[in-house]
Each structure stands twice: as C-alpha cells, then as structure tokens.
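Below, each chain spelled out in residue letters.
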Amino acid sequence: MALVSGAGLTLDVSYQNTPINTLTETVTLPEQFDQTRQLLLKGEYLNVSEGRHVTHILSRSIHAVSSAKNRDTRFAKMVNKLRSGRWLGATGKPITAVVNIGVGGSDLGPNMGSFALKEFADDAALNELDVHFVSSMDGGQLYAVLPIIDPETTLFIIASKSFGTIDTFANVDTVREWIKPQLTEQQWLQDHVIGVSSNAVKMNDYGIPPAHQLTFGEGVGGRFSLWSAIGLPIALSCGLRTFERMLSGARAMDEHFGSAPAAENIPLLMAMYGIYNRQHLGINNLAILPYDGRLRMLPNYLQQLDMESNGKQATADNQAINYATGPIIWGGFGPNGQHAFFQHLHQGYDEFAADFVLVLKRQAPGFNAQVANKLADQQQLSVANCLAHRQLMKFGSDNPESPRDHYPGGHPSSLLFMDELTPETFGELIAAYEHKVFVQGVYWQLNSFDQPGVELGKKCAVDILQALQSGAKTSYDESTVTMIKKARGDE
Ligand SMILES: O=P(O)(O)OC[C@H]1O[C@](O)(CO)[C@@H](O)[C@@H]1O
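With an unreviewed UniProt entry as reference, the protein chain is termed Glucose-6-phosphate isomerase, source organism Idiomarina seosinensis. The UniProt entry for the protein chain carries this comment under Sequence similarities (unreviewed entry): "Belongs to the GPI family."

Right under this line is the structure:
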C-alpha cells in the first residue's frame, strides 16, 4: 500500500506501475531543485521570457491575510456590499445578478470554484446573487444569459489580466449594446461594472471608475490566478469566509510541498509518476476522472493549467527540445464517463494514465434524514464505482476465449482522495496540481509560466476576420479562401 497524506488530501500511488522507492531512483530531480522550489514559494522564481517573478503563491498569502485581518480591503468591501444587497445599480435597484466575462484563466478557475464550493456559502448572504460566466467569443453563453437577467439589476465583472483579450471584449461589446435603452453606457460603466486586471491603465482608459477596479500582480499567471482578485466570483457565490478557507487550504499544500521529503510529498510524487509514465512508459496522456459532481470542471481547468504550462518544445532559455514534455490532459466526470468513454479505457488500443479524484463522504444539510441517507448511499455508489473501474483498469480481467470480454488492464493510475470536499481540501487539491506542473516544468527545463504558442493563432484570426469583414482578396490556401467566401455569403 502506498498512501501519502498532506494537509487534508491523500494520494494513493499503489496502482502506479512502479513503487515509490524505484521511482525516486529512476526519476532524479535536478540538483538545484530544493533551491528552485524555495524560490517559487517565496515568489522569487523567474519567468525568464517575460522577465518577472512568479507570484501566484504570494497572492494567496497576502490576499488572505489582508481580507482576514481587516475586512476593509476593496475586494472584501465589494463582496460584502454585493452579498448584502447594498450595491445599487444606476436606477437605484439592488444588484441581484453578476456576470463574469473572461476567458481561460479569467474564467476556468472562478467558474470551477464557484460551482464546487457553492454549498459552503456560510455568511447567509442577505442577497442571493445569481453568478453567471460568459467566456466564448461566439457569444454562445450570452444567448442563454441575457434573456434571464435585467440590465438594471446586473453587474458585470470584466475579468482580463491583459485587459485586451478579443474574446472578452467581443462579449463586453455585445453587452454594452444590450443594456440600452434601460441604461446609458456611462450609467453602465459607473455602477454596473467591476474591472479585474493586472493593467490598471487600460481599465482607466476603458472608463471603469478606480473604486471599481481590482488589480493583481503581473507575476500572477492567468492559469494560476483564481487565488487573486480573479477569484471574485467565488467570493460572491460562496462568501468571503469560504474564499479565505480555500486560500488557507492552498497555503497548507504550499507548506506540505515546501517541507515534505520526496517519498511523502504529494505534488512531487504526482509530478515524478507523470514523468515516469511519460518518459519510461511512453504514455502521452493523462485522464482526470473526478468522482464527485462538484469537481466536474476539474478536467477542463487542469487542461489549461498543465497543457498551457508544459505543452512546449523549447527550454526556458529558448533551446529546441527533442524529448517528450507535458502530456495531453483530458478527462471528464467519472460516473458519467463510465457511460461514455470508459469502453475505450477498458478495451481500447491506446495507453493512458489516470488520476481518480474521490470524495468519501458528503454532508447533506437542508435535507431531512431519509433523503440525507439516500444521498449518502449515492455518494457510496460513486465511491464503489470509482474503486471498481480503477481496479479493472489496473488489473484487467483476462479472457483469452472471448476477446470482447477481455480487459487488458495495466493502466497506471493515482487516486487522490479526501474525507470530505471543503473549501480547504479544494484549495489543497488545486495547489497540489499547480506544484506538480511546476516540478515537471523544472524537470523538463521549461518555462511553465509563459504561453508563447497562443499568440500566432490570435494574429492569424485577426487577419482572417479583416478579410471576412472587408471581402478583400486574400492569398490564403484554397480551402480558407473558399470558406471566407462561404462565410461572407459570396458563394
Ligand atoms: O486574462 P486575459 O489576459 O484576458 O487572458 C485570458 C487567457 O488567454 C491566455 O492568454 C491564452 O490566450 C491565457 O493564458 C489566459 O488565461
């Protein structure tokens, strides 16, 4: 049995394909690793290509301390004013709905956290806020959200570290049109907008009153930003205390990561088994399989965290790499995956590794005893299914007579479990994955904190958009030229 506990989280690696002692002999971390780790924990690790220190860990410390000690931070004030119904819109009506407009790290973390921790809202908000998330450039979510909100009682959070992402401002521009005629654009900007960004200059230029701006450090990467002001929707959905508890859970994992020896260190073992499976077993993907519905957004969130960090073929000092680096991260809500893609996991051709994420128990406040018992039975059903499929993926079921009934097994997996999902254990879980990604980036000599590969696609899209809008002749490949004509209705 190989159980390793840290804070409120436990990692079981007994279904990995090599024991811990062999792993630590096979995967050796760089000599300077301890110093490098301490630099990260102190907020002094350098993001070389962007020339700044990586400070997301500080953001969860400073932030928590100020709001815990004195509730007069702007963040805390805004949360209390909105959750107590004292934030009035331009026409004097209390704000009852909030729409977070942001994409990537400015959406995935706050969206996941608000969903996972909703039931922990403990300060009995006088004003139950409906919190919505809008991220996609096609306006797809606006079709669903706008009809169910009212301009006079809705506040919009424009969440963008750069305050320049085209997806976000395409959605904002549509909203600016939608609020008319109930509100003027000035009224909207004055009383119905909070800006969250690292770029105060751009928020000023945009016309957001300084008192309604929340900033966070340039050193906080988008995909590491749910601890910062970008986490505002979590505090609005679940209360300030719940947000602080999430931060304290993450700090507990920082403590564990910074001090536990390798063989007892959850993020280190997660990282090293990932490296082992990638480099020694040639497994190029990792399935994230949460078995608690509140964590159903975890696979999407970890896709950005891991793939935008380590999906690279250049070292931190820009040398070309010819070895495997960050794996493909995918996955889905385990119980539903059983009725969707598990056929392939059990009998398909491809290798994969998996992380099962399990919550053993769940409280059912607000339900009578009979219903609470039924819900507890359902949680047990989910636990049983997690353990059953995990076992089958590992040990298989040999049936040479009937190939369709043969389960090859042999798939390595880790089990991350907690007694209960709380704001603390949620914070610990996410922080553990952040540290895992960092360790793998250091091992593969990558800069895990930039994302150069997202830029060229944005530029190409702007060019094609111009061609779409202007109809000007273009020199693209035949398929693109044809599609532009079709999209314009010229053909
Ligand atoms: O918060 P911003 O600056 O709008 O960026 C949104 C997202 O876009 C990216 O830059 C990728 O394009 C992510 O790294 C980031 O989380």
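Draft legend 1. Quick look at the environment of P403. Its place among the elements puts P403 in the loop between α16 (369-395) and β13 (413-420). Along the backbone, P403 and Y45 are 358 residues apart, and their C-alpha atoms lie at a distance of 52 Å.

Draft legend 2. Region of interest: the UniProt feature "active site" (unreviewed entry) in the protein chain. Residues annotated in UniProt with the feature "active site" (unreviewed entry) correspond here to E308, H339 and K458. Of the residues just listed, which span 151 residues, the most distant C-alpha pair is 36.3 Å apart, and they do not cluster in one region. Lining residues of the largest pocket drawn from the annotated list: E308 and K458. Secondary-structure assignment places K458 in helix α18 (residues 455-470). Residue classification places K458 among the partly exposed residues on the basis of a relative accessible area of 44%.

Draft legend 3. Just the sheet that holds strand β5 (residues 97-101), in detail. Ordered by their spatial adjacency, 5 strands build an open sheet running β6-β5-β7-β8-β9, and the pairing between neighbours is parallel. The sheet is open, and its two borders are formed by β6 (130-134) and β9 (213-215), each paired with just one other strand. Direction aside, neighbouring strands of the sheet carry axes that sit 20° apart on average. The sheet contact formed by β5 and β6 spans 5 bridges and is parallel. Each residue of the ladder has a partner; that of V99, found in β6, is H132.

Draft legend 4. Representation of the pairing of strand β8 (residues 193-197) within the structure. Across the 5 residues that make up β8, a large majority, 5, are buried. By the alternation rule, side chains of β8 split into V193, G195 and S197 and I194 and V196, which are all buried. Where β8 and β9 come together, 3 bridges link them in parallel fashion. Pairing of V196 across the sheet is with L214, part of β9. Note on the crossover from β8 through helix α9 (residues 200-206) to β9: the handedness is right-handed.

Draft legend 5. Structural view of the pattern of salt bridges. Tallied over the full model, the rule gives 22 salt bridges. Through salt bridges with shared partners, one network takes in E119, D292, R294 and R362.

Cut-offs applied
Residues numbered from 1 in each chain as written. Predicted model: local features only at pLDDT ≥ 70, side-chain atom pairs only at ≥ 80, totals over all residues. Heavy atoms only, no water. UniProt positions renumbered as here; feature names shortened; annotations may be inferred. Helix = DSSP H or I, 4+ residues; strand = E, 2+ residues; numbered from the N terminus. 1 Å grid on protein atoms, 1.4 Å probe; cavity = no way out; pocket = protein on both sides within 12 Å on 5 of 7 lines; lining within 4 Å. Buried < 20%, exposed > 50% of the residue type's maximum accessible area, 1.4 Å probe, protein only. Pairing = 2+ DSSP bridges. Axes fitted to C-alpha atoms, helices over the stretch in contact; angles between N-to-C directions. Right-handed = clockwise from strand over helix to strand, strands pointing away. Salt bridge = Lys/Arg side-chain N within 4 Å of Asp/Glu carboxyl O.

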